[in-house]
Amino acid sequence: MNTSIMKASIKKELWEFNGMLKWVPISLAGVFIFIPLLSLILNGIDMQALLVEIEQITQVQQTDRMGEFFFVAAIALFSPFIAIGFIVQVYYFVTCLFDERRDQSVMFWRSLPVSDEMTIASKLLTGAIVIPVIFFAAATMLMVLMVLLAIVACVVLSIGFDISLWGMLASANILSGVGYIWLSLLPIAIWLLPLYSWLMLASIYANKAPFLWAVLPIVALLVIETIVVHYLHLSEPFFGHFIADYFSITPDNLVNASVEQEKSRSAALQLLIAQIDYRTVLVSAGLLAATYWFRVNKSES
Amino acid sequence: MMSSLISISNLNKAYGSKKVLSGVNLSLNAGQIVGLVGPNGAGKTTCLQAILGLTDFDGDISVLGHHPRKDRVKMLNDVAYISDVAILPKWLKVSQALSYMQDIHPNFAIEKAQAFLAKTNIAANDKVKALSKGMVAQLHLALILAIDAKVLILDEPTLGLDILTRRQFYNHLLEDFYTEEKCIIVTTHQIEEIEHILTDVAFIQQGKIVLAQSTDDIKERFNLVAVSNEQVAQADELQPLFKNSMMGLTTMLFDNQDKETLQNLGKVTVPSLADVFVGIMNKETC
């Protein structure tokens, strides 16, 4: 695969969705910065009470728990970015192959020496990896900003008030906490590959309303299956069970898994990886092959 | 010696039960500018899309030795395409279009495109949605003419443009793209506007090529005669392809008739390609 063409194709996708991919994470980060600031400005700050609280914290700080505490805090900060990023991803996948057919630019793109495999791969990579990277990066930058603020606060507290929070900051294992969150990016992408592939298929197939094409066939399949299962007295619906089982990981599960199994921050990661199996490969391969087939054979004029 | 850049033999295409192309045979050589002319729905666009590998087909097509479907990407390194159905997306910036082309196209010369755009009112920072239809066509032309392609395929490239822009478009095509080593295939409804640049024409009707010849041969082969009313009956015996009566004179188009015989019937002139097209289309539908 030609990497320079792949890079150019991904760059093209970023240009096309530039507004959304730039302003959504910036606005989200803005909300995290300005809401506390606003509440501070509106409510004022009681310095005495704050100092008492901080002193209490320094007295009861249990350095061995700080890592876990920070990890949960980091997940709490990343969660809205991951959630909003996921909505953006879904929007991207549903529109990425539909929009260029709607605005008739597909013929222009296809008259250039870029293969259909390359186009589909670049769109998949953009949606599954590049978009989450953008949102993860925004969350990380926000975290860096907060850590910088914490360092400034530590300096002020230690110089001005003789309160040392350095031990607490050092034991937070910030890098490894954020590192684990970043490590989950690829397993999440692989785990959700069947969903992404399905959305791409809806995007290439639909002549109108790709969102409906993405949702209605699944709903129809589940409803029909439920009726069939009910009338034939079968034990359980196959597709219903399949979908429920495959997507049974929720953000809550992940956080609980990593918090409950105290020493193991990798528990969430392991839970994700365990969910990736032959179903991921088979369903994704089938749906992507169908997407490619439509890209090559669907008449656009 | 002329070399064949595109050869099409027994090209067939159907959408369901509707036959769009049947038994098309064409050969295009270096140096040719071929007009593919036909009424709406005759199969022109389908034919061009088959050549570009954008639709599947039955039969054999070879473009620069490549099969358009199996070898599409390699082929497109040397084939450029402008069509009224291949529209530049509205979100695209001029600078982005140039940068993208440079990244993905081995035969794209960005300086050439920039030099072309410098002569227009199009700025590098402009978005396609901010450009007029004529400017978008100019941008598209700048992108395509900067490709050192051997074959250029134009499908109604000037549709919806005003006459000044249309003229400019074809002037640039000849000045900035055309050389003896290249071949251009163009479809248009305004055949009279590009008649002077065509070396060959292929008339297509209901999916079949009904005439494919050089414009020089066509002008030799067909004659337009202004026949007076008294001689109309005599002229009718020579089976004109087409006749049009107006103000006491009947204009008749003849195919392969002896020039001297025709001169006895009235004033003989060389027909335009539009005249021949109308004549051929009427003959086929009779």
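Structure first, text after, so check above.
Reading guide: rules and limits
- Residues numbered from 1 in each chain as written.
- Chains lettered and ligands numbered in written order.
- Predicted model: local features only at pLDDT ≥ 70, side-chain atom pairs only at ≥ 80, totals over all residues.
- Helix = DSSP H or I, 4+ residues; strand = E, 2+ residues; numbered from the N terminus.
- Buried ≥ 20, exposed ≤ 12 C-beta atoms within 10 Å, placed from the backbone.
- Contact = placed C-beta atoms within 7 Å.
- Axes fitted to C-alpha atoms, helices over the stretch in contact; angles between N-to-C directions.
- Parallel < 35°, antiparallel > 145°, perpendicular 65-115°, else oblique.
- Left-handed = near helix turned anticlockwise from the far one by under 90°.
- Nonpolar A, V, L, I, M, F, W, Y, C, P; charged D, E, K, R; others polar.
- Pairing = 2+ DSSP bridges.

**Some words on the overall build of chain B**
Step number 1: The helix and strand inventory of chain B stands at 11 helices and 13 strands.
Step number 2: Across its three principal axes, chain B shows a C-alpha extent of roughly 70 × 40 × 40 Å.
Step number 3: When the 286 residues of chain B are sorted by exposure, 44% land in the buried category.
Step number 4: For chain B, restricting intrachain contacts to residue pairs at least 6 apart in sequence, the fraction spanning at least 24 positions comes to 70%.

**Things to note about the packing of helix H3 (residues 94–104) of chain B against helix H4 (residues 110–118) of chain B**
All names here are of chain B.
Step number 1: Taken N-terminus to C-terminus, the directions of H3 and H4 make an angle of 155°; their axes are 10 Å apart at the nearest point. The orientation of H3 relative to H4 falls into the category roughly antiparallel. In the packing of H3 onto H4, the handedness of the crossing is right-handed. Residue-level contacts link Val 94, Leu 98 and Gln 102 of H3 to Ile 110, Ala 113, Gln 114 and Leu 117 of H4.
Step number 2: For the contact of H3 with H4, the per-class residue count stands at five nonpolar, two polar and no charged.

**A closer look at the interface of chain B and chain A**
Step number 1: Each partner contributes residues to the interface: chain B has 23 residues there, and chain A has 21 residues.
Step number 2: Elements that contribute at least two residues to the side of chain B that touches chain A include exactly helix H1 (44–51), helix H2 (72–76), strand S5 (79–83) and H3 of chain B.
Step number 3: Among the elements that take part in the side of chain B that touches chain A, H3(B) stands out by supplying four residues, more than any other.
Step number 4: Residues belonging to the side of chain B that touches chain A are distributed by class as follows: 13 nonpolar, seven polar and three charged.

**Some remarks on the sheet that holds strand S2 (residues 18–29) of chain B**
Residues and elements named next belong to chain B.
Step number 1: Strand order in the open sheet made by the three strands is S2-S1-S4, with antiparallel pairing throughout. Of all the strands in the sheet, the pair left with one neighbour each is S2 and strand S4 (58–63). For this sheet the average axis-to-axis angle between neighbouring strands, irrespective of direction, equals 15°.
Step number 2: Here strand S1 (residues 4–15) pairs with S4 via five bridges, running antiparallel. By the bridge assignment, Asn 12 is partnered in S4 with Asp 58.

**Considerations on the pairing of strand S11 (residues 242–246) of chain B**
Residues and elements named next belong to chain B.
Step number 1: Two elements, S11 and strand S12 (residues 249–255), share five bridges in a ladder whose sense is antiparallel. From the neighbouring strand, Ser 245 faces S12, where its bridge partner is Thr 250.
Step number 2: Connecting the antiparallel pair S11 and S12 is a turn made up of two residues, with Met 247 showing a positive phi of about 50°.

**Looking at the pairing of strand S10 (residues 222–228) of chain B**
Residue and element names in this part refer to chain B.
Step number 1: Among the seven residues that make up S10, five are buried, leaving the element largely enclosed by the rest of the structure.
Step number 2: Pairing analysis gives seven bridges linking S10 to S12, with the strands arranged antiparallel. Of the residues in S12, the one forming a bridge with Val 225 is Met 252.
Step number 3: Bridging between S10 and strand S13 (residues 266–269) involves four bridges; their strand directions are antiparallel. Note that in S13 the partner of Leu 224 across the bridge is Thr 269.

**Digging into the environment of B:Tyr81**
Step number 1: Relative to the helices and strands, B:Tyr81 is located in strand S5.
Step number 2: A count of 27 C-beta atoms within 10 Å places B:Tyr81 in the buried class.
Step number 3: Along the chain, B:Tyr81 and B:His140 lie 59 residues apart, while their C-alpha atoms are 9.6 Å from each other.
Step number 4: Not counting residues within four places of it along the chain, the set of residues in contact with B:Tyr81 comprises A:Ser111, B:Leu52, B:Ala86 and B:Ile153.

**Some words on the packing of helix H5 (residues 133–145) of chain B against helix H6 (residues 163–177) of chain B**
Between two packed helices, what matters for the description is the angle formed by their axes and the separation of those axes.
Residues and elements named next belong to chain B.
Step number 1: Running from amino to carboxyl end, H5 crosses H6 at an angle of 10°, the nearest separation of the two axes being 11 Å. When the axis of H5 is compared with that of H6, the two are roughly parallel. Residues Gly 134, Ala 137, Leu 141 and Leu 145 of H5 touch H6, and the partners they reach there are Thr 165, Phe 169, His 172, Asp 176 and Phe 177.

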